[in-house]
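Observations on the three-dimensional arrangement
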Amino acid sequence: MVLVSGTGSLLQNIIDNQDNSYRVIKVVADKPCPGIERAQDAGIPAEVVPLGADRAQWNKDLVEAVGAADIVVSAGFMKILGAEFLASFEGRTINTHPALLPSFPGAHGVRDALAYGVKVTGSTVHFVDAGVDTGRIIAQRAITIEPEDDEASLHERIKSVERELIVQVLRAAHVQDQQLIIEI
Ligand code: GRF
């Protein structure tokens, strides 16, 4: 089960690399977006669960939409998952973040790394907990920031690493007693 909010290029790579180690059973988004269209094009059930005024209810609706999935992957999903969602899926929900956590959490990890002037950044796959990008780290891959990089070029290079890393993590994952075990 994959959560998306936007372009869905990570989702596409997850779909394209399905094998007998994992299958995408559903895609859920918080708004209509190209990620939903990619799911539909691949014949995968897709659903939009828009965030309304009642955030607790939205989290419950998300739980309903996710349904029977073993693993939830947040791949470019730009909303914070709340307690009502984590009550059902904590320990089985992972996120891919475009920076080397714990540096540069939040919605602007690429921009913040560039602005700070670090020379190395990258991609982190981590468990989702109640904080913002604070859950236990599963895997990371670094890339070098080049002097000519701007936010767009850097993000694109990070995404090429993210696409590979998330597939690698999913291939190494299985669920035991409702907890995700990743042997990587
Ligand atoms: C990725 O960099 C992800 O880490 C971030 O949003 C981007 C999603 O890209 N949160 P896409 O929509 O899969 O192309």
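Within an unreviewed UniProt entry, the label attached to the protein chain reads Phosphoribosylglycinamide formyltransferase, and the organism entered is Corynebacterium ammoniagenes DSM 20306. Note on the protein chain: under the UniProt heading Pathway (unreviewed entry), the record states "Purine metabolism; IMP biosynthesis via de novo pathway; N(2)-formyl-N(1)-(5-phospho-D-ribosyl)glycinamide from N(1)-(5-phospho-D-ribosyl)glycinamide (10-formyl THF route): step 1/1."

As for the site of the ligand
Near the ligand you find 13 residues, and of these G8, S9, H155, K159 and E162 are the closest. Between an oxygen atom of the ligand and a main-chain N or O atom of T96, the distance comes to 3.0 Å. Burial of the ligand by the protein chains amounts to 90% of its free accessible area of 370 Å². Here the ligand is seated within the largest pocket. Looking at the shell around the ligand, the elements with two or more residues in it are α1 (9-16), β5 (93-97) and α6 (151-171). Among the elements that take part in the shell around the ligand, α6 stands out by supplying three residues, more than any other. Of the residues in the shell around the ligand, the class split is three nonpolar, eight polar and two charged.

What to know about the UniProt feature "domain: Formyl transferase N-terminal" (unreviewed entry) in the protein chain
Feature annotation in UniProt places "domain: Formyl transferase N-terminal" (unreviewed entry) on residues 2-170, given in this structure's numbering. Here residues 2-170 is 37% helix and 20% strand, with 11 Å between the C-alpha atoms at its ends.

A look at the pairing of β5
A large share of β5 lies buried, amounting to five of its five residues. Alternating positions in β5 separate into two faces, T93, N95 and H97 on one and I94 and T96 on the other, with burial throughout. One ladder, built from three bridges, connects strand β4 (residues 72-74) with β5; its direction is parallel. Considered in β5, the bridge of V72 is made with T93. Remark: the β4/helix α4 (residues 83-89)/β5 crossover connection has right-handed handedness. One ladder, built from four bridges, connects β5 with strand β6 (residues 120-127); its direction is antiparallel. Across the sheet, the residue bridging to N95 is H126, located in β6.

A short note on the nonpolar core
Within the largest apolar cluster, 31 residues are counted, with the highest numbers of intra-cluster contacts made by V2, I14, V27, V73 and I94. Listed by contribution, the elements that provide at least two residues to this core are β1 (2-4), α1, β2 (27-29), α2 (34-41), β6, β7 (137-144), α6 and β9 (179-182). The dominant element in this core, judged by the number of residues it contributes, is α6, at five residues. Apart from residues no more than four positions distant in its own chain, V27 is found in contact with V2, V4, L11, G35, I36, A39, I44, P45, A46 and E47. Judged by nonpolar contacts, the second largest core, of 16 residues, contains M1, V49, A65 and F77.

A word on the environment of P32
Note on placement: P32 falls in the loop between β2 and α2. Residues P32 and E47, spaced 15 residues apart in sequence, show a C-alpha to C-alpha distance of 8.8 Å.

A word on the pattern of salt bridges
In the structure shown here, the tally under the stated rule is seven salt bridges. For R171, the salt bridge goes to D19, with nearest N and O atoms at 3.1 Å. Residue R171 is found in helix α6, and its partner D19 is found in the loop between α1 and β2; the two are separated by 152 residues along the sequence. D19 gets classed as partly exposed once you look at its relative accessible area, which sits at 26%. Note that R163 and E156 form a salt bridge whose closest N and O atoms lie 3.1 Å from each other. Taking relative accessible area as the criterion, R163 reaches 17% and is therefore assigned buried.

Here we look at the packing of aromatic side chains
Applying the stated criterion across every chain yields a total of three aromatic pairs. Where W58 meets F77, the ring centres are 6.2 Å apart and the plane angle is 10°; that geometry is what we call stacked. One end of the pair, W58, is in helix α3 (residues 55-66); the other, F77, is in the loop between β4 and α4, with 19 residues separating them in the sequence. Comparing W58 with F77, the two get one shared label, buried.

The rules behind each value
Residues numbered from 1 in each chain as written. Predicted model: local features only at pLDDT ≥ 70, side-chain atom pairs only at ≥ 80, totals over all residues. Heavy atoms only, no water. UniProt positions renumbered as here; feature names shortened; annotations may be inferred. Near = heavy atom within 4 Å. Polar contact = N/O pair within 3.5 Å; in protein donor to acceptor, adjacent residues only side chain to side chain. Areas by Shrake-Rupley, 256 points an atom, 1.4 Å probe, with all protein chains shown as cover. 1 Å grid on protein atoms, 1.4 Å probe; cavity = no way out; pocket = protein on both sides within 12 Å on 5 of 7 lines; lining within 4 Å. Sits in = over half its atoms within 2 Å of the grid points. Helix = DSSP H or I, 4+ residues; strand = E, 2+ residues; numbered from the N terminus. Nonpolar A, V, L, I, M, F, W, Y, C, P; charged D, E, K, R; others polar. Buried < 20%, exposed > 50% of the residue type's maximum accessible area, 1.4 Å probe, protein only. Pairing = 2+ DSSP bridges. Right-handed = clockwise from strand over helix to strand, strands pointing away. Core = buried A, V, L, I, M, F, W, Y, C linked by side-chain atoms within 4.5 Å. Contact = heavy atoms within 4.5 Å. Salt bridge = Lys/Arg side-chain N within 4 Å of Asp/Glu carboxyl O. Phe/Tyr/Trp six-rings, centres within 6.5 Å; stacked < 30°, edge-to-face > 60°.

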